[in-house]
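Each chain, letter by letter, is given below.
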Amino acid sequence: MSERALPRHVAIIMDGNGRWAKKHKLQVALGHRKGVEALRGIIRESSDLGIEALTIYAFSTENWSRDKAEVEALMGLLLEYFSSEIDELDQNNVCIRILGDKEGLPQKQREAILRAEERTEKNTGLKLNIAINYGGRAELARAARVLAEKAVRGEIRPEEINEQRLAQELYTQGLPDVDLMIRTSGEMRLSNFLLYQCAYAEFDFPAVLWPDFDVKAYHEALEAYMHRERRFGGRVS
Ligand code: FPP
């Protein structure tokens, strides 16, 4: 086994907030709130370690089907997040990008995320990508639609459409592929997250619930990644 460098791009499915709340006999909204606290530590650590990109799944296109009260709590938390964290993120040179369908979000949330993106767009530190109203299949369908429209307008020939051209139309345009995908709470599913970008990702499924995922647990996942042999379809050298 050879020791590798840190991942350039880490993606996280922050799973287990609901179970954490239940375990502590609290309302689910408090689980999500605790999840935001855990997130704060992981973002800071990613920045300090010099990781290039961190992509987190905050709200999927499927999450709209949850209880009205939970959806409202999550939307409220998002709004709160962009007003309470933005100063520190900006000071730490973090560049925020939202992945997902912004048009499908309530106006307040849409405005808050646009402001956060605009304010941090020139920052050169950690690229923090927050997936909100995001679905991997919808992202691919959207990219196909954009390319088809370009072809109809004569801006691109169908035979020029290849993996690179497709990647350029994804929300993650310009970012490296995901190196390490972490999903907490022991669930082992991708749940429609970054389907294209995870083609060669390494996966880690720590049993810990997201609100309990601390810097120590993060280091363990990174250490495990650095000791893995990645082959990208080739043979071990
Ligand atoms: C999964 O836990 C988590 C979510 C659906 C939302 C994750 C959101 C946050 C951590 C907070 C909002 C984010 C930001 C950036 C403000 P679950 O509720 O599915 O857990 P369960 O499977 O135990 O029920």
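Residues numbered from 1 in each chain as written. Predicted model: local features only at pLDDT ≥ 70, side-chain atom pairs only at ≥ 80, totals over all residues. Heavy atoms only, no water.

Take helix H8 (residues 215-226) next. Over its 12 residues, H8 runs 16 Å from end to end, which matches the ideal 16 Å to within 8%, given 1.5 Å per residue. Those residues of H8 not exposed but buried are Ala217, Tyr218, Ala221, Leu222, Tyr225 and Met226. The inward-facing, buried residues of H8 abut strand S1 (9-13), helix H2 (28-49), strand S2 (53-60), strand S5 (180-183) and strand S6 (202-204). (Helix = DSSP H or I, 4+ residues; strand = E, 2+ residues; numbered from the N terminus. Expected span 1.5 Å × (residues − 1). Buried < 20%, exposed > 50% of the residue type's maximum accessible area, 1.4 Å probe, protein only. Contact = heavy atoms within 4.5 Å.)

What follows covers the site of the ligand. Near the ligand you find 15 residues, and of these Met14, Asp15, Gly18, Arg19 and Arg66 are the closest. Within the contact set of the ligand, an oxygen atom lies 3.2 Å away from a backbone nitrogen or oxygen of Gly16. Arg66 places a side-chain nitrogen or oxygen 2.8 Å from an oxygen atom of the ligand. Expressed as a share of its isolated accessible area of 630 Å², the protein-covered part of the ligand is 89%. (Near = heavy atom within 4 Å. Polar contact = N/O pair within 3.5 Å; in protein donor to acceptor, adjacent residues only side chain to side chain. Areas by Shrake-Rupley, 256 points an atom, 1.4 Å probe, with all protein chains shown as cover.)

So, on to the sheet that holds S5. Strand order in the open sheet formed by six strands is S3-S4-S2-S1-S5-S6, with parallel pairing between adjacent strands. In this open sheet, the two strands that pair with only one neighbour each are strand S3 (95-99) and S6. Ignoring which end each strand starts from, the neighbouring axes of this sheet average 20° apart. Summarising the sheet, S5 and S6 pair through three bridges and their orientation is parallel. Among the inter-strand pairings, Ile182 is bridged to a residue of S6, identified as Asp204. Contacting S2, S3 and strand S4 (127-134), helix H3 (residues 68-84) runs over the sheet at an angle of about 155° to S4. (Pairing = 2+ DSSP bridges. Axes fitted to C-alpha atoms, helices over the stretch in contact; angles between N-to-C directions.)

Of all five residues in S3, four are buried, a share of seventy percent or more. The pairing of S3 with S4 spans five bridges and is classified as parallel. What sits directly across from Leu99, in S4, is Ala131. Once the chain exits S3 it traverses helix H5 (residues 107-120) before rejoining the sheet at S4, and the crossover so formed is left-handed. (Right-handed = clockwise from strand over helix to strand, strands pointing away.)

Before going further, it helps to examine the packing of H3 against H5. When two helices pack together, their arrangement is given by the angle between the helix axes and by the axis-to-axis distance. H5 packs onto H3 with a crossing angle of 30° between their chain directions and a minimal axis gap of 9 Å. As far as their axial angle goes, H5 and H3 are roughly parallel. As H3 packs across H5, the resulting crossing turns out to be left-handed. Across the interface between the two elements, Met75, Gly76, Leu79 and Phe82 from H3 touch Lys108, Gln109, Ala112, Ile113 and Ala116 from H5. (Parallel < 35°, antiparallel > 145°, perpendicular 65-115°, else oblique. Left-handed = near helix turned anticlockwise from the far one by under 90°.)

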